[in-house]
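# Inside the fold
Next come the chains, spelled out residue by residue.
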Amino acid sequence: FRSAAKKSTARKKAVPTEKKLPRLRLAKAAAALEGAREASASNDFFKPELARLREFPPEGDQWLHEVKWDGYRILAAIADGEVKLWSRNALPWNERLPDIVQSLEALGLRSARLDGELVALDARGHSDFNGLQQTLSGESQLPLVYMLFDILHLEGSDLSRVALLERKQLLEKLLAHAPKHL
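First things first, this report covers the structure right here in the doc. Keep in mind it's a predicted model, so treat the numbers as computed, not measured.

### Re the nonpolar core
Among the nonpolar cores identified, the biggest contains 32 residues, and L85, L97, L104, L114, L118 and L154 are the most heavily contacted of them. When residues of this core are traced back to their parent elements, those giving at least two are α2 (20-32), β2 (72-79), β3 (82-87), α3 (98-105), β4 (111-120), α4 (129-137), β5 (144-154) and α5 (164-174). For this core, the element with the highest residue contribution is β5, accounting for five residues. With near-sequence residues (within four places) excluded, L114 lies in contact with F46, I74, L75, A76, L104, Y146, L148, D150, I151, L171 and L174.

Dropping the structure here:
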């Protein structure tokens, strides 16, 4: 009777919990992408890719055009499950955005690097920069949302050399059941 109980306990430990399964599937998918490289996790600041001013938008099928959110660029770095938020100028933002930190923690990731824009949404669901500034200063109460648009690292895989569309598809899967602030 004892040995059967021990086997049962050992089996339970070997099977990933339901919460871990999506993360493990995504980690495996990330590692399999062309251009993905094994990398250690760090929640230190990392430089964002910045737009370049041009006279005309580029043309052709090789270009991706995206919505320009009117907010603050925020980088999220996760290592050992600890989330750190950074401005594009390497200023820490965790204390200013506890709801965003909590939402990122709820994803259950051990390591990631995410890029996005912090926005405040008006009654129509449009980003409102003045509303964002007023909400951050305490003058207003608009809902804050972290609009994620890129994933550069996931669960031990550096994705910076993976095609942008593939990273966006992975990010979409990650956020399929995301908390309301993401």
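### Considerations on the layout of surface pockets
Here the largest pocket is characterised by a volume of approximately 1400 Å³. Contributing to the lining of the largest pocket are 27 residues, with L50, A51, R52, L64 and E66 lying nearest its centre. Elements with a minimum of two residues in the lining of the largest pocket: β4, β5 and α5. For the lining of the largest pocket, the residue count by class is 12 nonpolar, two polar and 13 charged.

### Considerations on the packing of aromatic side chains
Scanning the entire structure with this criterion turns up three aromatic pairs. Each ring, one from F45 and one from W86, has its centre 6.3 Å from the other, and the planes form 75°; the classification is edge-to-face. One end of the pair, F45, is in the loop between β1 (37-38) and β2; the other, W86, is in strand β3, with 41 residues separating them in the sequence. Relative accessible area serves as the criterion here: at 27%, F45 is assigned to the partly exposed category. The exposure class assigned to W86 is buried, which follows from its relative accessible area of 14%. Ring plane angle 70° and centroid distance 5.3 Å describe the contact between Y72 and F129, whose orientation is recorded as edge-to-face. Separated by 57 residues along the polypeptide, Y72 in strand β2 and F129 in helix α4 bring together distant segments of the chain.

Cut-offs applied
Residues numbered from 1 in each chain as written. Predicted model: local features only at pLDDT ≥ 70, side-chain atom pairs only at ≥ 80, totals over all residues. Heavy atoms only, no water. Core = buried A, V, L, I, M, F, W, Y, C linked by side-chain atoms within 4.5 Å. Buried < 20%, exposed > 50% of the residue type's maximum accessible area, 1.4 Å probe, protein only. Helix = DSSP H or I, 4+ residues; strand = E, 2+ residues; numbered from the N terminus. Contact = heavy atoms within 4.5 Å. 1 Å grid on protein atoms, 1.4 Å probe; cavity = no way out; pocket = protein on both sides within 12 Å on 5 of 7 lines; lining within 4 Å. Points joined across faces, edges and corners; volume = space filled by probe spheres on them. Nonpolar A, V, L, I, M, F, W, Y, C, P; charged D, E, K, R; others polar. Phe/Tyr/Trp six-rings, centres within 6.5 Å; stacked < 30°, edge-to-face > 60°.

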